[in-house]
Amino acid sequence: DAKTTQPPSMDCAEGRAANLPCNHSTISGNEYVYWYRQIHSQGPQYIIHGLKNNETNEMASLIITEDRKSSTLILPHATLRDTAVYYCIVSFLYGQNFVFGPGTRLSVLP
Amino acid sequence: SAVISQKPSRDICQRGTSLTIQCQVDSQVTMMFWYRQQPGQSLTLIATANQGSEATYESGFVIDKFPISRPNLTFSTLTVSNMSPEDSSIYLCSVEDPTQGGTGNTIYFGEGSWLTVV
């Protein structure tokens with residue numbers, strides 16, 4: 001079973017920030033938080049991952065709470081092309097497969 | 001990041017036949033995985049393809065139905081045997097890319113192989 005809980009769906013206005021929450025209350029100390037997205041049944045696309053510090057790259061920012069029991073993926077300026085299913089996954093760093101939950105279906109609206 | 005190519009990208013198969021899906025990576029990787037995504041569902045891990053040894057299957061998946069080969073560090077195949085309409089899914093190859101250095105490995109996915117069994 002997936003170790004994360006995400007809302008099934010969210011809407012976001014185009015150009016606004018999309019904030020996608022994820023709960024992972026049973027995360028262990030050496031497990032990372034990964035985010036992927038899947039656009040209309042293409043292969044999942046890696047977005048970002050982190051351990052305990054906040055992370056930012058060209059696609060998104062990842063905010064992890066101090067107790068590491070939850071995190072938020074932020075798409076700073078959502079576009080229509082960001083409409084996708086977003087998966088939050090908790091996993092060890094090496095040699096581990098990913099267990100996918102149902103994810104959050106983000107709809108970016110014009 | 002690793003570049004992953006899957007073949008075929010899409011196929012329509014007759015009930016009772018078998019189909020082999022190929023996964024080619026542009027760099028040597030230790031870990032390769034095969035996932036299934038049934039219509040409207042999330043991804044489910046089928047097995048871990050181990051180089052030089054038998055694949056490790058997840059609960060609910062067996063070697064007779066989904067034989068896997070891993071002849072080297074850049075290639076793997078998944079066969080879906082004796083197909084039925086319930087096998088209609090997207091089959092995805094993924095690899096653990098060790099190029100991220102100390103910040104951790106990342107798993108990358110191919111574009112998937114859409115199989116429809118009629």
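Throughout what follows, the structure given in this document is the object of discussion. Bear in mind that the values here come from a model prediction, so they are computed numbers and not experimental data.

## A word on the overall build of chain A
Scanning chain A from N- to C-terminus turns up 0 helices and 9 strands. Going residue by residue from the N terminus, the α and β elements of chain A occur as β-β-β-β-β-β-β-β-β. Scaling as 2.2 N^0.38, a compact globule of 110 residues should have a C-alpha radius of gyration of about 13 Å, and chain A matches this with 13 Å. Oriented by its inertia axes, the alpha-carbon framework of chain A measures out at about 40 × 25 × 25 Å. When burial is assessed residue by residue, chain A has 45% of its 110 residues classed as buried. For chain A, the proportion of contacts with a sequence separation of at least 24, taken over those separated by at least 6, is 56%. Accessible area of chain A: about 5600 Å², with a carbon and sulfur share of 49%. Where the 8 positive side-chain charges of chain A centre and where its 9 negative ones centre are 1 Å apart.

## A look at the interface of chain B and chain A
At the junction of the two partners, chain B supplies 22 residues and chain A supplies 20 residues. Approximately 1700 Å² of surface area, both sides summed, lies buried where chain B meets chain A, with 53% of it carried by carbon and sulfur atoms. Our count for the contact surface shared by chain B and chain A stands at 0 salt bridges. Where chain B packs against chain A, one counts 4 residue pairs in polar contact (both at pLDDT 80 or more). Elements with a minimum of two residues in the side of chain B that touches chain A: strand E4 (32–37), strand E5 (43–49), strand E9 (89–97) and strand E10 (106–109) of chain B. Ranked by residue count, the leading element in the side of chain B that touches chain A is E10 of chain B, at 4 residues. Per-class residue counts for the side of chain B that touches chain A are 11 nonpolar, 8 polar and 3 charged.

## Some words on the sheet that holds strand E8 (residues 84–92) of chain A
Think of a sheet as strands paired side by side through backbone hydrogen bonds, with each pair either parallel or antiparallel. Residue and element names in this part refer to chain A. Pairing is mixed across the open sheet formed by 5 strands, whose spatial order is E1-E9-E8-E3-E4. Single-partner strands in this sheet number two, and they are strand E1 (9–13) and strand E4 (45–50). The sheet shows a mean angle of 25 degrees between the axes of neighbouring strands, taken without regard to direction.

## Side note on the nonpolar core
With 45 residues, the main nonpolar core has Trp34, Tyr35 and Ile46 of chain B as its most contacted residues. For tyrosine 35 of chain B, the contacting residues outside a window of four places in its chain are Asn97, Phe98 and Phe100 of chain A together with Leu43, Thr44, Leu45, Ile46, Ile90, Tyr91, Leu92, Ser94 and Phe109 of chain B. Membership of the second largest hydrophobic core comes to 21 residues, among which are Leu20, Ile47, Leu62 and Tyr86 of chain A.

## Brief notes about the layout of surface pockets
For the largest pocket, the calculated volume is near 440 Å³. Forming the boundary of the largest pocket are 22 residues, of which Ser41 and Arg105 of chain A together with Gln37, Gly40 and Gln41 of chain B lie nearest the centre. Of all the secondary-structure elements, those providing two or more residues to the lining of the largest pocket are E8 of chain A together with E9 and strand E11 (113–117) of chain B. Partitioned by chemical class, the residues of the lining of the largest pocket number 8 nonpolar, 13 polar and 1 charged.

## Overview of the packing of aromatic side chains
Taken as a whole and assessed by the stated rule, the structure comprises 13 aromatic pairs over all chains. Between tyrosine 36 of chain A and phenylalanine 100 of chain A, the ring centres sit 6.5 Å apart and the planes meet at 65 degrees, which makes this aromatic pair edge-to-face. You can see tyrosine 36 of chain A sitting in strand E3 (residues 31–38) and its partner phenylalanine 100 of chain A sitting in the loop between E8 and strand E9 (104–109), a full 64 residues away along the chain. One exposure class covers both tyrosine 36 of chain A and phenylalanine 100 of chain A, and it is buried. Plain terms: the ring middles of tyrosine 46 of chain A and tyrosine 108 of chain B are 5.9 Å apart, the flat faces sit at 65 degrees to each other, and that makes the pair edge-to-face. Of this pair, tyrosine 46 of chain A sits in strand E4 while tyrosine 108 of chain B sits in strand E10, each in a different chain. Of the two residues, tyrosine 46 of chain A and tyrosine 108 of chain B, both sit in the buried class.

Rules used throughout
- Residues numbered from 1 in each chain as written.
- Chains lettered and ligands numbered in written order.
- Predicted model: local features only at pLDDT ≥ 70, side-chain atom pairs only at ≥ 80, totals over all residues.
- Heavy atoms only, no water.
- Helix = DSSP H or I, 4+ residues; strand = E, 2+ residues; numbered from the N terminus.
- Rg over C-alpha atoms; globule rule 2.2 N^0.38 Å.
- Buried < 20%, exposed > 50% of the residue type's maximum accessible area, 1.4 Å probe, protein only.
- Contact = heavy atoms within 4.5 Å.
- Areas by Shrake-Rupley, 256 points an atom, 1.4 Å probe, with all protein chains shown as cover.
- Lys, Arg positive; Asp, Glu negative; His and termini not counted.
- Charge placed at Lys NZ, Arg CZ, Asp CG, Glu CD.
- Buried area = accessible area lost by both parts, 1.4 Å probe.
- Salt bridge = Lys/Arg side-chain N within 4 Å of Asp/Glu carboxyl O.
- Polar contact = N/O pair within 3.5 Å; in protein donor to acceptor, adjacent residues only side chain to side chain.
- Nonpolar A, V, L, I, M, F, W, Y, C, P; charged D, E, K, R; others polar.
- Pairing = 2+ DSSP bridges.
- Axes fitted to C-alpha atoms, helices over the stretch in contact; angles between N-to-C directions.
- Core = buried A, V, L, I, M, F, W, Y, C linked by side-chain atoms within 4.5 Å.
- 1 Å grid on protein atoms, 1.4 Å probe; cavity = no way out; pocket = protein on both sides within 12 Å on 5 of 7 lines; lining within 4 Å.
- Points joined across faces, edges and corners; volume = space filled by probe spheres on them.
- Phe/Tyr/Trp six-rings, centres within 6.5 Å; stacked < 30°, edge-to-face > 60°.

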